[in-house]
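Breakdown of the fold
Listed below are the residues making up each chain.
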Amino acid sequence: MPDTRPLAGLLVVAMEQAVAAPTCSVKLADAGARVIKIERAEGDFARGYDAAAKGLSSYFVWLNRGKESVVLDIKRGDDRALLDRLLARADVFIQNLAPGAAARAGLGSEALRARHERLITVDISGYGETGEYAGMKAYDLLVQAESGLAAITGHPAGPGRVGVSVCDIACGMAAHAAVLEALIARGITGKGRGVAVSLFDGMADWMNVPLLYYEGTGKAPQRVGLAHPSICPYGAFETSDGALVLISIQNEREWAAFCAGFLGEPDLPSREGYRSNTERVANRPAVDAHLAAHFARLTRAEAAARLTAANTAYGFVNGVEELARHPALRRVSVDTPAGPVSIAAPAARVAGEPPSFGAVPALGQHTDSVRAEFS
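For the structure given in this document, a descriptive report is provided here. These numbers come from a predicted model, not from an experiment.

Focus: the pattern of salt bridges
The tally for this structure, following the rule as stated, stands at 17 salt bridges. A salt bridge links K37 to D44, with the nearest nitrogen and oxygen atoms 3.0 Å apart. The class of K37 is buried, set by a relative accessible area of 0%. Overall, D44 belongs to the buried group, its relative accessible area being 2%. A network of salt bridges, in which partner residues are shared, links E16, K37, D44 and K67.

The structure is reproduced here in structure tokens:
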């Protein structure tokens, strides 16, 4: 059967490793693009991050389904010639090599687009191509720190790391969206375009609210753990059986309903220190202590029932163990060299189109076939 996915027939060449660039290219592969992943002899270093997925790296399994792995040494004449032939037929070229490496190798985006008018080039970097940080190596946690994200994350005792590679993911998602826009533009103009996305820019965009808050008030949002810096009550409370339940009160109507339906204190919103969100934020220790006493008398199930009856937004603070059996978790199976692996499904669902995903490649699995095809 012909592939009817929207990007079927497109060729993507990706000189990529780790997380940011593979995040972009795996989404293109899911949509039907042919993604040829160029790896060094030792492979994408994310292949060695762990061995949790049936002996394979969880990172690599997550982000490399549906790709072809070709091992090249572009310093060798025949391998470089093969890469050039691939690029001559490619629609998209993605690279996240070390700062300046692509240009030194003759793979600068402007030069490539000058040779191949329809090519869309995607340069993924840590801090962009200009300025004093352009030459800096950048990994996710470093950018979490540099961007201010770590400073507003965690407990008041100190900065914290977001527990997933959020800067890489933000960058890869932005690159994916930009590639789709470039493909649409090429359909109109017939010409490719250069796309550049940095990890820092991706996270700086996500940091706009803290940035605007700081520049408007002169104060940065404080680290408040599982609470909200400007809304109260909005935080986690422990039940009698040790569960943590997080509640979110967004407006005075919800606060009144919570007080009446959950606390059984319909008059609480009229008391000093409880009358408005501003008062409650200023009075947070007393408000939180008052609520904590109520939660401490209830089991997880009892708290859930009463919160539901009061129409209060809530969620339990689950661990990964609870995520693994969460009723809302959708899963898909991906073939790997070690056998099928069940992963969390990509977020987007398309009506009437069941998801279909390619296999995760072994290192160099497609080198010979691609070399023969593009000879």
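Comments concerning the packing of aromatic side chains
A complete count under the given rule lists 9 aromatic pairs for this structure. Ring centres of Y127 and F200 lie 5.7 Å apart, and the angle between their planes is 40°; this geometry places the pair in the tilted category. Here the residue Y127 occupies a position in the loop between β5 (120-125) and α6 (140-146), and F200 occupies one in helix α8 (residues 199-206), the gap between them amounting to 73 residues. Residue Y127 is classed as buried on the basis of its relative accessible area of 12%. Between F262 and F295, the aromatic rings sit 4.7 Å apart at their centres with planes inclined by 35°, giving tilted as the arrangement. Within this pair, whereas F262 is found in helix α10 (residues 252-263), its partner F295 is found in helix α12 (residues 284-295), the two being separated by 33 residues in sequence. Residue F295 is classed as buried on the basis of its relative accessible area, which comes to 0%.

As for the packing of α10 against α12
Orientation of α10 relative to α12, taken along the N-to-C sense of each, is 35°, at an axis distance of 12 Å. Here the hand of the crossing between α10 and α12 comes out left-handed. Where α10 abuts α12, its residues W255, F258, F262 and L263 lie against L291, H294 and F295. Considered class by class, the residues forming the contact of α10 with α12 number 6 nonpolar, 1 polar and no charged.

What counts and what doesn't
- Residues numbered from 1 in each chain as written.
- Predicted model: local features only at pLDDT ≥ 70, side-chain atom pairs only at ≥ 80, totals over all residues.
- Heavy atoms only, no water.
- Salt bridge = Lys/Arg side-chain N within 4 Å of Asp/Glu carboxyl O.
- Buried < 20%, exposed > 50% of the residue type's maximum accessible area, 1.4 Å probe, protein only.
- Phe/Tyr/Trp six-rings, centres within 6.5 Å; stacked < 30°, edge-to-face > 60°.
- Helix = DSSP H or I, 4+ residues; strand = E, 2+ residues; numbered from the N terminus.
- Axes fitted to C-alpha atoms, helices over the stretch in contact; angles between N-to-C directions.
- Left-handed = near helix turned anticlockwise from the far one by under 90°.
- Contact = heavy atoms within 4.5 Å.
- Nonpolar A, V, L, I, M, F, W, Y, C, P; charged D, E, K, R; others polar.

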